[in-house]
Amino acid sequence: MTDRLPHEKGFHVSWDQIHRDSRALAWRLDHQGPGEGGVWTAVVAITRGGMAPAMILARELDIRVVDTISVKSYDHQTQAEAHVLKAPDAAMMGDGTGILVVDDLVDSGKTLELVRSLYPKAHFATVYAKPKGRPMVDTYVTEVSQDTWIFFPWDMALQYVEPYRGR
Ligand SMILES: O=P(O)(O)OC[C@H]1O[C@H](OP(=O)(O)OP(=O)(O)O)[C@H](O)[C@@H]1O
Ligand code: HPA
Ligand SMILES: [Mg+2]
């Protein structure tokens, strides 16, 4: 269909769902780090969408060192050039070895491409992935089609809808 807005093919994710999926992501990453016993040094959330998954992941994997990188690539649903607004601690990051970089999703892959270029040895994890961006992510949980818009619970609210026969 060509007369459909991007958000009309929607994948609506509840708080419960993102919690479960973020936990599943954490379990996949357990003991996979380069440190002794497969530990990870730190979690770095790509703000803002990566912060909720990163918190859940850090809790599951018992990682207390959490930092952020702020990358902005979209105005609403329109993509612009990705740029870094705030970098994580440089001494902690190094080349990224042992660092888990977490985001809610990878779409075109532009955001992760930028972060990867800065920290090539980091491990990149997202909860959801679209096919175009998949080569940029090392570990993810669920794939959705490229023409699906993922709606996260922090962008939604419960609201009244007309009954089907009332329209
Ligand atoms: O793979 P890409 O095409 O780069 O898109 C994915 C990125 O876009 C969204 O963030 P956004 O820049 O909208 O900022 P936000 O997390 O603050 O909402 C999303 O949270 C990812 O970080
Ligand atoms: O499908 C999406 N949903 C929410 N934010 C996004 N940023 C890029 N793609 C998406
Ligand atoms: Mg984001």
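Residues numbered from 1 in each chain as written. Chains lettered and ligands numbered in written order. Predicted model: local features only at pLDDT ≥ 70, side-chain atom pairs only at ≥ 80, totals over all residues. Heavy atoms only, no water.

**Points about helix H4 (residues 110–118)**
Step number 1: Where H4 is concerned, the buried positions are Thr 111, Leu 112, Val 115 and Arg 116. Seen along its axis, H4 keeps its buried residues to an arc of 125°; they face one direction. (Buried < 20%, exposed > 50% of the residue type's maximum accessible area, 1.4 Å probe, protein only. Helix = DSSP H or I, 4+ residues; strand = E, 2+ residues; numbered from the N terminus. Arc of directions from axis to C-beta.)

**Some words on the pairing of strand E5 (residues 99–106)**
Step number 1: Most of E5 is tucked away: 7 of the 8 residues are buried.
Step number 2: By the bridge criterion, 4 bridges tie strand E2 (residues 42–47) to E5 in an arrangement that is parallel. The partner of Val 44 across the bridge, within E5, is Val 101. (Pairing = 2+ DSSP bridges.)

**Section: the UniProt feature "binding site: 5-phospho-alpha-D-ribose 1-diphosphate" (unreviewed entry) in the protein**
Step number 1: UniProt annotation of "binding site: 5-phospho-alpha-D-ribose 1-diphosphate" (unreviewed entry) refers to Arg 48, Gly 49, Asp 103, Asp 104, Leu 105, Val 106, Asp 107, Ser 108, Gly 109, Lys 110 and Thr 111 when read in the numbering used here.
Step number 2: The residues touching Leu 105, leaving out its near neighbours within four places in the chain, are Thr 126, Tyr 128, Lys 130, Ile 150 and Phe 152.
Step number 3: Note that Lys 110 resides in helix H4.
Step number 4: The exposure class assigned to Lys 110 is partly exposed, which follows from its relative accessible area of 42%. (UniProt positions renumbered as here; feature names shortened; annotations may be inferred. Contact = heavy atoms within 4.5 Å.)

**Regarding unusual backbone geometry**
Peptide bonds are trans in most cases, and residues, glycine excluded, mostly fall at negative phi.
Step number 1: For the bond running from Thr 47 to Arg 48, omega is 0°, close enough to zero to count as cis.
Step number 2: Along the chain, the position of Arg 48 falls in the loop between E2 and helix H2 (51–61).
Step number 3: Here the phi dihedral of His 31 falls at roughly 65°; this positive angle occurs in a residue that is not glycine.
Step number 4: With respect to the helices, strands and loops of the structure, His 31 is situated in the loop between helix H1 (15–29) and E2.
Step number 5: A positive phi angle, near 55°, is found at Asp 62, a position not held by glycine.

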